[in-house]
Amino acid sequence: MPGAALITNERQEREVCALIDQIGEALSSDQVLQQIVDGLPPEILDAIRRSLVAERQGLIESLEAYRTAQGGDVTGLKARAGNDLGALLVAARVAKGWKQKELARRLFLPEQQVQRYEAERYRSISLSGLQRVARTLGIKLTAHIDQPLQEPWLPSYEMSSSELQKVLKHARENGWLDKADQSDDNGISQLRRTVAEHVGEYGTPSLLRTGLNVHDLSKDWFLLAWKAQVTRSALRLIQRKKPKYRPLNMSWLSELVKLSVFDDGPVRAKEMLAEQGILLVIEPQIAGMRVDGAAFLIDEHPVIGLTLRLDTLDNFWFTLMHEMGHVILHYRTGLASGFFDDFEHLEIDEMEEEANRFAQNMLIPDAVWSKSPARIAKTAEPIERLAKQLGIAPAIIFGRLRMERQNYKIFSDKIGRGRVRKQLLSKTIEVNDEPVI
């Protein structure tokens, strides 16, 4: 269960202890660390080492909270559970010193049922069942309605008619609605309900990190609706694929970049990410959004959402590797809140700069780029020669030159325009009559 904030049973405790030891060994032995990062450019190793330090510290804190709770002090575990009622019930069970088997016995349920309930934080249990679990654990559930909250977890619904119609039109075109032919009122009601349920379950995106100007988008209905749909798609993939992310497994990243040489590289990348426990979801942006990509967590599962706002190979691979930078480097130091990236803004903060450097060096290591004639090339030949040397698509290098020179008229026929959406948004790739996104 790497990456989870809450340890709830002995199996997870053993896994976390083993991972703490593995990370500690990697941090204390260059030889062990080299096995983990084999094939990755040396320019990103310091950032990876910092991420491992943060990962290990986070796991140690999770372990301490669990073991302290077993002794009766539930403070640390309760803090990790936050306002999640299901997680609080799990914390209460740990604090009583009961194993899942004991709670199951007292509830007259199979142990596997309690395991499933706790794994999903009791999200599927009925209200009467929830009350029964609470009573068994000696917990009193109360609600304070004398001073109701001002619904801070819900987005504002004060949208203009044109904005509502824009979201509804997008939802219909992209298969969001349960019934494509339902009325406008019913469609809007479904969208509002979906967003409200998503925000209640996962919270709102924190801040759009675009540099010195950080924007509060916690009430941006376009972004909330988009993220809710990305999450719905990711949850379907989680249920079907049962992915498991292993933060100490990184050497495959060099092979991910090399997939760019294939005509169907984006599709292959999606498949490789799924094998590594990372879910790539393609969801076109709602007109008016300014988001290229996002990275966030669903429970312990990293999710990358891409809008394919620019349908070019260079943009796809840079955006994908930028979001991978967040997954690899910021798994415990920001991914839970999420990153929502707009690459047209040039001023960026420290975490965005780290993700940028990660992407740039994974695609074209600085040591190679600084010495290559391709940097000053005015013709395609030196650029294509460097791409062959690195084993990547030439479009990636052409795109970098356009960006560095701030001249988007050059090499416009070399960046793979129109070659991504038709692969990743193809209606021929379907699961249960729904596009795999």
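In this report, we go over the structure that sits alongside the text. (Residues numbered from 1 in each chain as written. Predicted model: local features only at pLDDT ≥ 70, side-chain atom pairs only at ≥ 80, totals over all residues. Heavy atoms only, no water.)

Remarks on the pairing of strand S3 (residues 279–282)
Of the two faces of S3, both are covered, the one formed by Leu 279 and Val 281 as well as the one formed by Leu 280 and Ile 282. In this structure, S3 lies alongside strand S5 (residues 301–306), joined through four bridges in parallel fashion. Of the residues in S5, the one forming a bridge with Leu 279 is Val 303. (Buried < 20%, exposed > 50% of the residue type's maximum accessible area, 1.4 Å probe, protein only. Helix = DSSP H or I, 4+ residues; strand = E, 2+ residues; numbered from the N terminus. Pairing = 2+ DSSP bridges.)

A look at the side chain of Asp 292
Structurally, the position occupied by Asp 292 is in the loop between S3 and strand S4 (293–298). Here the side chain of Asp 292 touches Arg 309 through a polar contact of 3.0 Å, side chain to side chain. (Polar contact = N/O pair within 3.5 Å; in protein donor to acceptor, adjacent residues only side chain to side chain.)

Remarks on the packing of aromatic side chains
Going through the model one piece at a time under the given rule, you end up with four aromatic pairs. Between Phe 316 and Trp 317 the ring centres are 5.1 Å apart and the planes differ by 85 degrees, which places this aromatic pair in the edge-to-face class. Overall, Phe 316 belongs to the buried group, its relative accessible area being 1%. Above the plane of the ring of Trp 98 lies Lys 96, whose end atom (NZ or CZ) is 5.0 Å from the centre. Between the NZ or CZ atom of Arg 268 and the centre of the ring of Phe 262, over which it lies, the distance is 3.8 Å. (Phe/Tyr/Trp six-rings, centres within 6.5 Å; stacked < 30°, edge-to-face > 60°. Lys NZ or Arg CZ within 6 Å of the ring centre and 35° of its normal.)

Points about the pattern of salt bridges
Should their charged atoms come close, side chains of opposite charge can pair. For the coordinates displayed, the defined rule picks out 20 salt bridges. The partner of Asp 184 in a salt bridge is Arg 172, with the nearest N and O atoms 3.1 Å apart. On the criterion of sequence distance, the pair formed by Asp 184 in helix H10 (residues 184–202) and Arg 172 in helix H9 (residues 161–173) is long-range, its members being twelve residues apart. Each of Arg 11, Glu 15 and Lys 244 takes part in one network of salt bridges that share partners. (Salt bridge = Lys/Arg side-chain N within 4 Å of Asp/Glu carboxyl O.)

Remarks on the packing of helix H6 (residues 100–107) against helix H8 (residues 127–137)
Packing of H6 against H8 leaves a shortest axis separation of 10 Å and a crossing angle of 110 degrees. When the axes of H6 and H8 are compared, the pair comes out roughly perpendicular. The two elements H6 and H8 meet at a crossing, and its hand is right-handed. Residues Leu 103, Arg 106 and Leu 107 of H6 lie in contact with H8, whose contacting residues are Arg 132, Val 133, Thr 136 and Leu 137. Taken together, the residues of the contact of H6 with H8 break down into four nonpolar, one polar and two charged. (Axes fitted to C-alpha atoms, helices over the stretch in contact; angles between N-to-C directions. Parallel < 35°, antiparallel > 145°, perpendicular 65-115°, else oblique. Left-handed = near helix turned anticlockwise from the far one by under 90°. Contact = heavy atoms within 4.5 Å. Nonpolar A, V, L, I, M, F, W, Y, C, P; charged D, E, K, R; others polar.)

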